[in-house]
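Each chain, written out:
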Amino acid sequence: MQLTGNTVFITGGTSGIGRGLAEAFYRLGNKVIVAGWRKALLDVIAAENPGIDGVELDITDHEDIARVAARLTQSHPSLNVLINNAGIMPFDDPSGAVDDAVSRRIIDTNLLGPIRLTSALLGHLKKQPRATIIHNTSVLAYVPIATNAVYSATKAALHSYALSRRFMLRDTRVAVQEIAPPWVDTDLIRKSGDPRAMPLDVFIERTMAGLATDAREVFVDEIKALRDNPGSGEHALVDAFNLDLVANPIPV
Ligand SMILES: NC(=O)c1ccc[n+]([C@@H]2O[C@H](COP(=O)([O-])OP(=O)(O)OC[C@H]3O[C@@H](n4cnc5c(N)ncnc54)[C@H](OP(=O)(O)O)[C@@H]3O)[C@@H](O)[C@H]2O)c1
């Protein structure tokens, strides 16, 4: 995608990867609007980055999405980049009873949220001279982490959905890019400084470089072996990945 001259709307833009991307696009001179559901954090990012607008949005709320999308296309008619970034990653152990409320919240946030928000903005995006939809999935879209089974499933589903959306939009001016982050040191679980997690600034710099190439999928070389999940031979890879995390758990 072209990294300049855009009006960018990014969900979950008050922290972590979302905030990092928002500020990177802002520094390049783009108009940036961040969505979050905590007003205090929206106020902080707007104060620290004059010109960034904040919009309250609960991505799990269908009506809120429709209301925000309608207001946004009025207030920012040049909106041409949507970054579906908001996500949550509670632990859900599939060896026991599944908490239905937690599962629904993960699915509503990570999968239905981006589907609904994009759906609400797509008509507007199609009218722009150029537009880009970005889905933030995960390395766990390709190899699930067994302790976060529903989370991993939503990311695999979002990856699948992005493939279909890209194909169906192939004859429009709307491009679809996917960001599949590795483990990045954010508060998604707990910012811990674990050396296995990529520092946020490194990840943002490499991701912006990847987005600029028009790559359909933007991921760092460190996850290539996992991204290249060997299809029907995946079981040994998935088991080895999870056994390593059993031996060396993520700090919580
Ligand atoms: N960090 C990683 O290792 C990693 C790896 C792969 C993929 N990802 C993906 O990257 C994305 C960003 O995660 P992150 O690592 O930057 O973690 P983060 O700092 O926790 O960011 C998640 C953002 O989503 C927002 N959010 C959560 N529920 C929401 C809701 N119902 N409505 C609106 N906003 C909501 C959060 O707002 P509040 O803080 O106010 O709740 C927060 O701003 C997620 O989709 C995640 O799955 C992260």
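Going by the structure above, here's the rest.
Rules behind the numbers
- Residues numbered from 1 in each chain as written.
- Predicted model: local features only at pLDDT ≥ 70, side-chain atom pairs only at ≥ 80, totals over all residues.
- Heavy atoms only, no water.
- Near = heavy atom within 4 Å.
- Polar contact = N/O pair within 3.5 Å; in protein donor to acceptor, adjacent residues only side chain to side chain.
- Areas by Shrake-Rupley, 256 points an atom, 1.4 Å probe, with all protein chains shown as cover.
- Helix = DSSP H or I, 4+ residues; strand = E, 2+ residues; numbered from the N terminus.
- Nonpolar A, V, L, I, M, F, W, Y, C, P; charged D, E, K, R; others polar.
- Axes fitted to C-alpha atoms, helices over the stretch in contact; angles between N-to-C directions.
- Parallel < 35°, antiparallel > 145°, perpendicular 65-115°, else oblique.
- Left-handed = near helix turned anticlockwise from the far one by under 90°.
- Contact = heavy atoms within 4.5 Å.
- Salt bridge = Lys/Arg side-chain N within 4 Å of Asp/Glu carboxyl O.
- Buried < 20%, exposed > 50% of the residue type's maximum accessible area, 1.4 Å probe, protein only.

Engineer: Help me understand the site of the ligand, please; the structure alone is not making it clear to me.
Structural biologist: Close to the ligand lie 28 residues, the nearest being Ile 17, Arg 38, Asn 85, Tyr 151 and Thr 186. Side-chain polar atom of Ser 15 to an oxygen atom of the ligand: 2.8 Å apart, as the coordinates give it. Protein chains shield 93% of the accessible area of the ligand, which is 880 Å² for the free molecule. Mapped by element, the contributors of at least two residues to the shell around the ligand are α1 (16-27) and α5 (149-168). Counted by class, the shell around the ligand contains twelve nonpolar, twelve polar and four charged residues.

Engineer: Looking at this structure, how should I read the packing of α1 against helix α6 (residues 200-211)?
Structural biologist: Angle between the axes and distance between the axes: these two values describe a pair of packed helices. Taken N-terminus to C-terminus, the directions of α1 and α6 make an angle of 55 degrees; their axes are 10 Å apart at the nearest point. Put simply, α1 runs oblique to α6. When you trace α1 past α6, the crossing you get is right-handed. Residues Gly 16, Ile 17, Gly 20, Leu 21, Ala 24 and Phe 25 of α1 lie in contact with α6, whose contacting residues are Leu 200, Phe 203, Ile 204, Thr 207, Met 208 and Leu 211. Counted by class, the contact of α1 with α6 contains nine nonpolar, three polar and no charged residues.

Engineer: When you look at the pattern of salt bridges in this model, what are you seeing that I'm missing?
Structural biologist: One side chain can pair with another of opposite charge once the charged atoms of both are near each other. For the structure shown, the criterion picks out ten salt bridges. The salt bridge involving Arg 196 is made with Asp 194; its shortest N-O contact spans 2.9 Å. Asp 194 sits in the buried class, given a relative accessible area of 12%. The partner of Glu 222 in a salt bridge is Arg 206, with the nearest N and O atoms 2.7 Å apart. Of this pair, Glu 222 sits in the loop between β7 (217-218) and α7 (224-227) while Arg 206 is found in helix α6, placing the two residues 16 residues apart along the sequence. Salt bridges sharing common partners tie together Arg 19, Glu 23 and Glu 48.

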